[in-house]
Structures are given as C-alpha cells and as structure tokens.
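The primary structure of each chain is shown beneath.
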Amino acid sequence: MDTMDLDYNTRIEQLREREYPQLEGNLVFSYAPLIMSAYISFLSDTVYLDHAGTTPYAKSLIERFSADMISNLYGNPHSASSASQLSTRRTEDVRLRLLGLFNADPDDFDIVFAANATAGIKLVMEAFRDHGGGFWYGYHRDSHTSLVGVREAAARHRCFTSDAEVEGWLSGSIIDEGSSGLGLFAYPAQSNMNGRRLPLDWAGRLRCSAPKTDQAVYTLLDAAAYVSSSPLDLSNAALAPDFTVMSLYKIFGFPDLGVLIVRKGSGHVLKTRKYFGGGTVDMVLCMKEQWHAKKSESLHDQLEDGTLPIHSIIALDSAMNVHQEIFGALERISRHTAFLARNLYHGLRDLRHWNNVAVCEIYKDAESEYGDTRSQGPVVAFNIRNSQKAWVSNTEVEKLAAIKNIQLRTGGLCNPGGIASSLGLAPWEMKENFSAGQRCGNENDILGGKPTGMIRVSLGAMSSVRDIDAFLDFMNEFFVDNVAPVPAAPLLGTEASAQSQYHVESLTVYPIKSCAGWKVPPDMPWEVRKEGLAWDREWCLVHQGTGTALSQKRYPRMALIRPIIDLETGLLRVRYVGGGTTRGGSPEVAVPLSADPNYFAGPDGFRTSPANVCGDKVTARVYKMQEIITFFTEALGIPCQLARFPAVGSHGVSSRHAKAHLQQHQLRTAPQIPGAFPAAPPGEQGTIQRPILLSNESPILTISRSSLNRLNEQIKANGGKAAQAEVFRANIVVAEALQAQPGTEQPYAEDHWRYMQIGRQLFQMLGSCRRCQMVCVDQNTAVKNEEPFVTLAKTRRFDGKVWFGQHGCHVQMQDRSSPHTQNPTIKVGDSVRAFGEDDDLPHGLVS
Ligand SMILES: *Cc1c(COP(=O)(O)O)cnc(C)c1O
C-alpha cells in the first residue's frame, strides 16, 4: 500500500491535462465519485470537474452512449415488437453483466433496478412492513439517513451503537428481546461520513449463527459508499448479505440508477410486499371481483414497478465499457485511492499552527487505518481549529474552497448517528441546536462551542497525487496560523488577575422559576448566554386554571421542589422534599432536557398557554405527560402544569427583555469621565434590549458575600435569624479573597460596579435588585420569617424601595475566534475583577 501506482496516476493526470486544459485548477472532493456532476457540467459547459470521474471519462461515455442510441431503435419493453424485444434483451444482458461485476452467480442472485440506493432500501422495507406480524429492525450507528428511516416502519427497532454491540448480538451474548420473529439487520459497508469500512462477514455469521426457530433475521447491506472505490465480491452466496443496495452513479457517475441485489435464497421474504404496479402483475381484476396474480418468473419482475428506465440501463453498458477501459479493474481504483487517502490523512494530521496546536481534528475510527482497504475507504472527515483552538466555521471553509475551485462537502453528511458520536453531541444538544435554528446545510454551524457538522473530502478514480498536494496547499494558505494572531480583546484573553480581590464563591441556576436552585458543581465550566446562565429559568409552573406562572411569594412550598440538571442522561430530575405527597405520588420526576415537540400538549405538540410571568404575556409550552402534571399538582396541592419557555419551534427567541436599570443610589455625583461609561443608565426603556427567559428582571443576578455578612451582622445584632444566601436567589455569589479580614470587607461595593470580569468573561451591571417579602421564605423549610426583609428595609431602603444584589448581563464579544468567545463559560473559583464608575472601560469595549 505504500507505493504509488505511478502508471495509473500518470495516466489520469495526462488525460486531464491533455484533453481538458481549460479545466485545470479545479479539484472536486465530493463524497464518492459523483461523476454525474462532471457529466452535467460537460453538457452545460460550466467549468467544473469531478475528481472521481471526470470530463474525459464523461465525454467518452456520452459519445459511446450516443452512438448506441443513434444506431439502434429501442422500444418500451413488454411487447412483441422488435424494438421492444431489443430493449428487453439489452436490459437482461446488462443485468447479467452487472452481476458479473460483483462476482455474483445469476443462479444465486437477482438484480432489481431502482432509482437510487434509497429506493432499493424502501423496496425491502415495504416487503418487511407488509409482513403480518410486523418486524424487528436493527441498524448500525454509522448508517446513512436512508437506512435509519426504515425504523419508522418497524414494530420494534434498535440502534447498535458500536461494532462490539453487533458482535455481542451475533455471538448471542447480547440478546435483543425484540428480535424474535421476522427481523432485518442493516448496516453500511462503508460509512458515508468518514469512510470507515465495517466488517463484511456479519451477514454470513448471522446466517450461520441463527439457529433459533422463532427468529428469522435477514441482512441488508448498504454498499452505496463502499462500491464507489472498491470491488464487492459476492462469489460466496452462502455468506453474502440477503439484500445489497448501491447507487450505480457513485461508481460510474452516469446513468442515475440504483440497484437492489437479492440473494435468491432469501427472495421469498420480499413476496409479502402488497403493492403491485404495471410491470409487476400478470393479471388484475378490479370490477366485480378484486383479484390479481403477481408475476412469478423472477424476483425482479415482481419488484420493478412501472416501466424500467431502459435508456439508463442501456447507458450502463457503455458506462461499464468506458470505466473498464480508462480505469481498469475496480481493484486498481481501490489501491490507488487508498494510497492517496493515506497521504491526505497524514498531510492533514501533521498540519500545525505556530504554537504546535493541530489544525485538523480528524474523525477517524480508532480501529481503522488509512491505506488499509479492509478498514478504511478513501474519505477524510474533519474539522479545523485556529491556533487558539477555536473552531473554524464550515461555512467559511466552504466559501474559501469555492473561491479556489475546490468542491467539497460540509455539514451533517446524512449520517446522524456517526455525526452525533464523532462530535460528542447528546440528543438533547442536537434538539437544542435544532430549536436554535440549526438545520442541515445552514450557516449556523458552531453552537455552544461545538461544531454541528464536519468537512468531508472524498477521493475517487479520477483523483491524483497533484490534488492531494493542492488541497494541502490550500489548507496551509488559509487555515494555518504561522504567527500568533493579534489579540482582539487583550483583557479578555487573560484571566482576571490572580490578585483580584474577589472570586466566584458559588454559581446557581434555577431551572424552574421560583423553585429551588441547583448549585453548579465546583470546577464545572458553565455556559453563559445572553439570556443568563445555561438552563436558568427555562421552565415554570403555571396554574391550570388561570395560566399564571406560580411564585414562591404565594406558594412557599415551591422552595421544596428541587431540580437537578443531569447533562449525562439529558434529564432535569425534580425531587419534592416536602414529604407526604398525597395519593402516594412519586417523590421524583424526570423531564427530558430535549425540547422535543412530542412532549408537549396540544396540536403541533404545544399549547400556547398564554402564561403570565411578572405581568408579561408569554407563550409557554405545556408538558402533556400525566406523571409530570401529577407530580407538581400533588407537591403543591394546586392544579398546575410544568411549562417550558420560550415556545421553542414557534418563534424560538425570547420576547422578554430585562427591565433592570441603575438606581439613583448607585450613581455618584462625581463628574463622568468622558468616554468612560454611557451617560444614560443602560437598559432604560427604548435603549438596549436584553433578552431574558423567565427571570423577573434581568439575565443574571449577583450578590456579594461581604454584603450578606454585613446584613447578617445587623440582623443578629437585633436578635434575628441570619439569612441564607439562597433566599436571594442569586446566580452568582462573589466573595472577597480569603485574606480579607473581618472588618476590612467592603460590603455593598458592588452598588458601584459598572462591569465585572469573571475569568475571561465580561458582565455589565444593570442596576440593583428590588426586594420583596419573598426573601423571607426559608429555603429548607418553606416557612416564612420576618427576616431578612425587616433589617433590609431599615438599612437598604432608597427612594422608598428595598435593594439587595445586582442585576447584570453577559457582554458578548464581536470577535468569535477564541474558545472563550465561542463558548463563554465561568466556574466556581474564577477570579472576579470589578470596574467601577471611575475605572477605564475594559479594553476592547466602546461605549
Ligand atoms: C449515497 C448513499 C446513500 C444514498 O444513496 P442514494 O442513491 O442517494 O439513494 C445511502 N447510503 C450510503 C452509505 C451512501 O453513501
């Protein structure tokens, strides 16, 4: 595998150079040899060249096909005319020839023509679906979307998430309960995502190992990606898959055809297919009596509905000839492309930025090896990072590639399981991304600091060494940082100083409005968004009658409803610690973090309950699952429902905005330094709008431990009970550094902060938080006290209102080229730097 097929490579390069000099400079890395596009562009005169098969090939093929059409008269098959007979004869010849290409004995196999590989899959699916008892469907994680879709027709299905799981199932050590009766096991011979090749012996092993009488599991092999650059050998019918599908245009580029190859020994299962059409029946009665007789001569007669695409089938003959003449055996293409892919892989793997950070994150399976045609096809899937380790958007890559006449593919690549496992995306994340507007093929491709798709470069019969070099040059030119980039925001490029006076003591999110908070574990970086900390106040409880959002002010027991965010399992777990639920209700309920419309009530999955949150009318989605409704209703003893905000899928974005603004007591009379802070308090009506979810006034609430200590000293001095930090429902508690001695603390210094830097993130302070008697609910017992409200009212009353804590919001940076700006997070222990009225604006911020 280490040596190049020099003869092959030279021939391809000469062909391209000699015959089509005007196309020089185009590289096409589209998945599988999509020669089709070369063919189309050939006809339309566009400068476009497909690497896999290219214009020289397309030209010869079309000329050959055209000569055939001109010199023969082909009619619609199924009649006695000589033109019709000629079509039939040619079709049967091509069938035979195609079987020969895969060493498939016509005694053992039949070929069914279909529009594409997907249509072949659907034929199998229809037959299994129409089987009386329904069927079990097992499919491998690496399956193409077209295979995954079959599960919707199955009675029971299972996704095998690894090869080991399949092995375990084949050997009988893993039992799938659902797999009794009729079953279908499907997998790709080669992943269309990263070109990894899967074991071809699974079909044979399944057949040999299926002794149980109550079980008949057949195999469907998706060879669409595999055959584009590899021979497929079906010479041993006993070990071959029962059904094999492929797209012929991925081998030959043209014609646009797919096939289903059926192992005759298993053909009977397809006879349960109920549908018949012209071409697949011998006789149909439909007036007085309803009766039909299906064709019985051959399998393909029973499965090819309607008129065959005869011209395409005849063109296939020319395609096989020209392909053979130019490229030789499929085996040779396989060796050549394996050699190129290995070089490409090594080239990409070794690209380094100035600081030795790898440029490409390549999605290669641990077990596969480039150059080894058994484990890996000639495809490389990857993403690009800059020298700061931030992801480069695929959309940007595509734009630059287009300028350089490089055709490659990016995005989700029609491989949901492969993408999710390679990119480490949990189902709730994928649904979140979907809700956030991400769709296959749109520009929104880095969400929450993770790429949502990848770049795929595929090699084919027409690829040459020069293409690999050109592609690596392109990568070097545009994506390798040879020198350190000039930091756009130096302040935020570094941590807040280690000597800073404050640090983050705790971070708390309140997933369900007015219920207990959940403390973010120490050292866990937590995402900050425009609307606040991730998962903060996404849910609320609404009264079933009035639709009003419930609050602790009226229902103190809400403090005893304790949610936990479990990202591992993708669940919001909610526990009620008040005990004594009526009717023995469950003490815990789990709510999926996924915003799946199926969980919600009403048509389209949601009831636009016009909930009322703090006087704002919002559209919240109400959960319809009875156990969720029962849990909350029993816990609080009032009819209520859990709702989620915003109404995902309808408008998507929050329509609520922060109301907080700086208060008079926070403004010093000292003259403003020109250019320092905006003269007008930010956040006033008509100025900047800051989205919030269900929090009362602003995205993020911060309190200071020093201020709380001062308050509690005052409470205790009057014989009252000290207040817990929890009653203030802050997201961030900042504390002064350990060396701050009692007495040297600076309580209420935060009143005068205008910005606050935590770690590498910047927050703008929006004004003090006004307090009410809700701070008097003890968060452990749900019992109301006098304190701390009484003491607050005596010590922190300005303009007749009581204030404690500061509203704020995260400042998003324009420059999104570092991990800190792509995925802003903060964590417990981060140092905090305060910017007061008189301090200079943090660097990079303009007022
Ligand atoms: C391309 C491809 C398909 C879909 O083929 P169509 O001909 O478009 O239906 C299915 N599976 C794999 C692995 C593929 O590469």
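For the protein, an unreviewed UniProt entry supplies the name Molybdenum cofactor sulfurase and the organism Coniosporium apollinis. The UniProt entry for the protein carries the following comment under Catalytic activity (unreviewed entry): "Mo-molybdopterin + L-cysteine + AH2 = thio-Mo-molybdopterin + L-alanine + A + H2O". We quote the UniProt Function (unreviewed entry) comment for the protein here in full: "Sulfurates the molybdenum cofactor. Sulfation of molybdenum is essential for xanthine dehydrogenase (XDH) and aldehyde oxidase (ADO) enzymes in which molybdenum cofactor is liganded by 1 oxygen and 1 sulfur atom in active form."

## Some points on the pairing of strand β21 (residues 539-543)
With four of five residues buried, β21 is to be regarded as a mostly interior element. Both β21 and strand β27 (residues 640-644) contribute to a ladder of five bridges, which runs antiparallel. Each residue of the ladder has a partner; that of V542, found in β27, is Q641.

## What about the pairing of strand β3 (residues 136-140)?
Among the five residues of β3, five are classified as buried, and the element is accordingly described as predominantly covered. A two-sided burial pattern is seen for β3, the buried positions comprising W136, G138 and H140 on one face and Y137 and Y139 on the other. Pairing analysis gives four bridges linking β3 to strand β5 (residues 181-188), with the strands arranged parallel. When the sheet's bridge partners are listed, Y137 is paired in β5 with L184. Bridging between β3 and strand β4 (residues 156-160) involves five bridges; their strand directions are parallel. Residue pairing for β4: Y137 is matched across the bridge by H157.

## Things to note about the confidence of the model for the protein
For the protein, mean pLDDT is 81; residues scoring 70 or higher make up 79% of the total. Mean pLDDT per element in the protein: helix α2 (residues 35-44) is the minimum at 33, and strand β8 (residues 258-263) is the maximum at 97. Across residues 30-54, where pLDDT falls below 50, the model places 80 contacts with residues more than four positions away in sequence or in other chains. Within the model, the stretch residues 669-687 combines pLDDT values under 50 with 28 contacts to residues more than four positions away or in other chains.

## Some details on the environment of H323
Checked against the element boundaries, H323 lands in helix α11 (residues 310-327). Residue classification places H323 among the buried residues on the basis of a relative accessible area of 5%. The residues contacting H323, other than those within four sequence positions of it, are Y57, I251, F252, G328, L330 and I333.

## Points about the UniProt feature "modified residue: N6-(pyridoxal phosphate)lysine" (unreviewed entry) in the protein
The UniProt entry lists K250 under the feature "modified residue: N6-(pyridoxal phosphate)lysine" (unreviewed entry), expressed in the numbering used here. Note that K250 resides in helix α9 (residues 249-252). Of the residues examined, K250 reaches a relative accessible area of 11% and is grouped as buried.

Rules used in this analysis
Residues numbered from 1 in each chain as written. Predicted model: local features only at pLDDT ≥ 70, side-chain atom pairs only at ≥ 80, totals over all residues. Heavy atoms only, no water. UniProt positions renumbered as here; feature names shortened; annotations may be inferred. Buried < 20%, exposed > 50% of the residue type's maximum accessible area, 1.4 Å probe, protein only. Helix = DSSP H or I, 4+ residues; strand = E, 2+ residues; numbered from the N terminus. Pairing = 2+ DSSP bridges. pLDDT = per-residue confidence, 0-100. Contact = heavy atoms within 4.5 Å.

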